[in-house]
Amino acid sequence: MFLRLFTDLRTAKVPVTLREYLALLEGVEADLAEHRVEDFYHLARCCLVKDERHLDRFDQVFGQVFKGLETLGQAVEAQAIPDEWLRKLAEKYLTDAEKAQIEALGWDKLFETLKQRLAEQQGRHQGGSKWIGTAGTSPYGAYGYNPEGVRIGQDGNRNFSAVKVWDKREFKDFDDTRELGVRNLRIALRRLRKFARTGAAEELDLDSTISETARHGYLDVKLRPERRNAVKVLLFLDVGGSMDWHIELAEELFSAARAEFKHFEHFYFHNCPYERVWRENRRRHDQTIHTLELLRTYPADYRVVFVGDASMSPYEIAMPGGSVEHWNEEAGAVWMERITGRFPKSVWLNPVQQHLWSYTQSIRQIGSLMGGRMFPLTLDGLDGAMKVLAR
């Protein structure tokens, strides 16, 4: 049963190694799971999952492998319940009077009676009020009604009253292809980290304090600067037009980036960067920053992240005067080349689904100007972008 968990996780593309699987077995031998599937679930998740984005797939595989089991002993013994019982056979609707007659047994009595039913029952059963089966009023089985019961089989939950539900998934937000919340974005951005001790000496240096106290014979407290992420980031955000459809996601990325990077600056542009950018949209016409000044101000060790759907007229990128807002003396492609030339470590994050990119000429143009460093604004895409910037 444990080997099936390992192989099914590999099939589901959860990167589990043999070393991790052996560590799990050592934990089981050391009685860390205490014979309960619930304890084994937490132990297995700790040993086998290295990245939060794989938690949802782990839950799905674990639910399939250990569906309906309560103890580890059941996982390695022949099951008393035939597989054919677990099929969806019928749906039974009860009157209010019938529902009122069904008695909730309580946890201890429920499992004591279930054990007795498993020992006594020898054949298939359907639609009754006592045996384990389908579409009945027994507290055991699938697709029946009981205010308090154990669901055996059944992919879903109709009454939301089962005492134990092994297939409940808690981490559905971490899938690679899902759009991101602020918390998930911060987790992904943390891949771009290079720590250095900066600022005032405010953090306790425990090792030095112990060493100096032992040497001098009295308490000698030593402090050191706090370790901070030394990576410096310039964030360029496309605003207006078709980006209005992606405002919420752009705001979440902006919030996450401000929280993760100490050295962080942001600027806005519309469709494509030109000779001017701005910091506040409400003053975009009277308080702008010349892009050449920006290139002279920030050193080349800054990482640059563009965020935009790159969906515009191709002339806005390729031609002088192509901008829809003003007369640009030089084409957007010229300014893109200047920015990426000054900051070689740069990426473009696109909120448009990746399979749609080939249908928009301007997206292909921007992708070419970025040297292929355009990534979808998903957890997997952001992970790839951070790896490029961290090189």
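Going by the structure above, here's the rest.
What you see is a predicted model; the values in this text were computed from it and never measured.

A. Fine view of helix 10 (residues 247-260). Taking 1.5 Å per residue as the helical rise, helix 10 with its 14 residues ought to reach 20 Å, and the 20 Å between its terminal C-alpha atoms agrees with that figure. Those residues of helix 10 not exposed but buried are L249, A250, E252, L253, F254, A256, A257 and E260.

B. Structural view of the packing of aromatic side chains. Taken as a whole and judged by the stated rule, the model has 13 aromatic pairs. Ring geometry for F6 against Y21: centres 5.0 Å apart, planes inclined by 35°, an arrangement best described as tilted. Here Y21 lies in helix 2 (residues 18-29) and F6 lies in helix 1 (residues 2-11), a separation of 15 residues in the sequence. For the residue pair F6 and Y21, the accessibility class agrees, reading buried in each case. Between Y298 and Y302, the aromatic rings sit 5.2 Å apart at their centres with planes inclined by 70°, giving edge-to-face as the arrangement. As far as burial versus exposure is concerned, Y298 and Y302 are alike and both buried.

C. The arrangement of helix 1 in detail. All of the buried residues along helix 1 are F2, L5, F6 and L9. Down the axis of helix 1, the smallest arc covering the buried residues is 100°, so these residues share one side. Residues of helix 1 that are exposed and angled more than 90 degrees away from the buried face: L3 and T11. Phi turns positive, to about 65°, at K13, one or two residues after helix 1.

D. Broad picture of the packing of helix 1 against helix 2. The N-to-C vectors of helix 1 and helix 2 enclose an angle of 150°; their axes lie 11 Å apart at closest approach. The orientation of helix 1 relative to helix 2 falls into the category roughly antiparallel. Crossing geometry of helix 1 relative to helix 2 is assigned as right-handed. Together, F2, L3 and F6 of helix 1 and L18, Y21, L25 and V28 of helix 2 make up the contact between the two elements. Class assignment of the residues belonging to the contact of helix 1 with helix 2 gives a composition of 7 nonpolar, no polar and no charged.

E. Examining the pairing of strand 7 (residues 263-269) more closely. Across the 7 residues of strand 7, 5 count as buried, placing the element largely inside the fold. Crossover strand 6 (residues 232-238) to strand 7 through helix 10 is right-handed.

F. Quick look at the side chain of E275. By secondary structure assignment, the location of E275 is in the loop between strand 7 and strand 8 (276-278). It is R276 that comes nearest to the buried, bridge-free E275 among opposite-charge side chains, at 5.8 Å. For E275, the side chain forms a polar contact with the side chain of H326, separated by 2.8 Å. Those residues in contact with E275 that sit more than four places away from it in its chain are I289, H290, T291, H326, W327, N328 and W335.

G. Highlighting the packing of helix 1 against helix 3 (residues 37-48). The N-to-C vectors of helix 1 and helix 3 enclose an angle of 45°; their axes lie 13 Å apart at closest approach. The orientation of helix 1 relative to helix 3 falls into the category oblique. Judged by the twist between their axes, the crossing of helix 1 over helix 3 is right-handed. When helix 1 is examined against helix 3, the residues F2, L5 and L9 are found in contact with a partner set consisting of F40, A44 and L48. Within the contact of helix 1 with helix 3, the residues separate by chemical class into 6 nonpolar, no polar and no charged.

H. Region of the structure containing the environment of D205. Residue placement: D205 occurs in the loop between strand 4 (195-204) and helix 9 (206-216). Residue classification places D205 among the buried positions, given a relative accessible area of 13%. As a C-alpha pair, D205 and P225 span 20 residues in sequence and 9.0 Å in three-dimensional space. Residue contacts for D205: discarding those within four places in its chain leaves K222, L223 and R224. Within the structure, D205 has its side chain in polar contact with the side chain of S208 (distance 2.9 Å).

I. Main features of the pairing of strand 11 (residues 346-350). Summarising burial for strand 11: 5 of the 5 residues are buried, a large majority. Where burial is concerned, the two faces of strand 11 agree: the one with S346, W348 and N350 and the one with V347 and L349 are both buried. Sheet topology note: the strand 11/strand 12 (residues 374-376) ladder contains 3 bridges and is parallel. Paired with N350 across the bridge in strand 12 is P376. A crossover connection joins strand 11 to the parallel strand 12 through helix 14 (residues 361-369); in handedness this β-α-β unit is right-handed.

J. Region of the structure containing a nonpolar patch on the surface. A surface patch of nonpolar side chains, about 600 Å² in accessible area, is lined by L204, L206, I210, L219, V221 and L223. Along the chain, L204 falls in strand 4. On the basis of relative accessible area, L204 is assigned to the partly exposed category, the value being 44%.

K. Quick peek at the state of the cysteines. Enumeration over the complete set of coordinates arrives at 0 disulfides. Looking at the unpaired C47, the closest cysteine sulfur is the one in C46, lying at 5.3 Å.

The rules behind the values
Residue numbers run consecutively from 1 along every chain, following the written order of its sequence. Only residues with pLDDT of at least 70 get local features here, since the model is predicted, and only at 80 or more are side-chain atom pairs given and counted; chain-wide, interface and lining totals rely on the full set of residues. Hydrogens are left out, water is left out, and the side-chain values use all remaining heavy atoms of the structure. Every helix listed is a DSSP run of H or I at least four residues long, and every strand listed is a run of E at least two residues long, numbered separately from the N terminus. For a helix, the expected span equals 1.5 Å multiplied by the residue count minus one. Relative accessibility decides the category of a residue: with a 1.4 Å probe and only protein chains considered, values under 20% of the type maximum give buried, values over 50% give exposed, and everything between is partly exposed. Whether two aromatic rings pair depends on their centres lying within 6.5 Å, for rings of Phe, Tyr and Trp, where Trp uses its six-membered ring; planes under 30 degrees apart make the pair stacked, over 60 edge-to-face, and the rest tilted. The arc refers to the directions leading from the helix axis to the C-beta atoms. Axes here mean lines fitted to C-alpha atoms, for a helix over just the part in contact, with angles spanning 0 to 180 degrees between N-to-C directions. Roughly parallel means an angle under 35 degrees; roughly antiparallel, over 145; roughly perpendicular, 65 to 115; everything else is oblique. Should the near helix be turned anticlockwise from the far one by less than a right angle, the crossing is termed left-handed; should it be turned clockwise, right-handed. Any two residues whose heavy atoms approach within 4.5 Å are treated as being in contact. Each residue is assigned to one class: nonpolar for Ala, Val, Leu, Ile, Met, Phe, Trp, Tyr, Cys and Pro, charged for Asp, Glu, Lys and Arg, and polar for all the others, Gly among them. The definition of a right-handed crossover adopted here requires that, viewed with the strands pointing away, the path from the first strand over the helix to the second runs clockwise. Note on charges: Lys and Arg go in the positive column, Asp and Glu in the negative column, and His and the chain ends are not counted at all. Any carboxyl oxygen of Asp or Glu that lies within 4 Å of a side-chain nitrogen of Lys or Arg is treated as forming a salt bridge with it. Polar contact is defined as a pair of N or O atoms within 3.5 Å, subject to the rule that within protein one atom must be able to donate a hydrogen and the other to accept it, and that residues adjacent in sequence are counted only when both atoms are side-chain atoms. Being paired, for any two strands, means DSSP has found at least two bridges between them. Nonpolar side chains (Val, Leu, Ile, Met, Phe, Trp, Tyr) are joined into patches within 5 Å and like charges within 9 Å, using only residues with over 30% relative accessible area and no salt bridge. Note on areas: these come from Shrake-Rupley sampling with a 1.4 Å probe, and a residue is covered only by the protein chains present in the view. What counts as a disulfide here is a pair of cysteine sulfur atoms lying within 2.5 Å.

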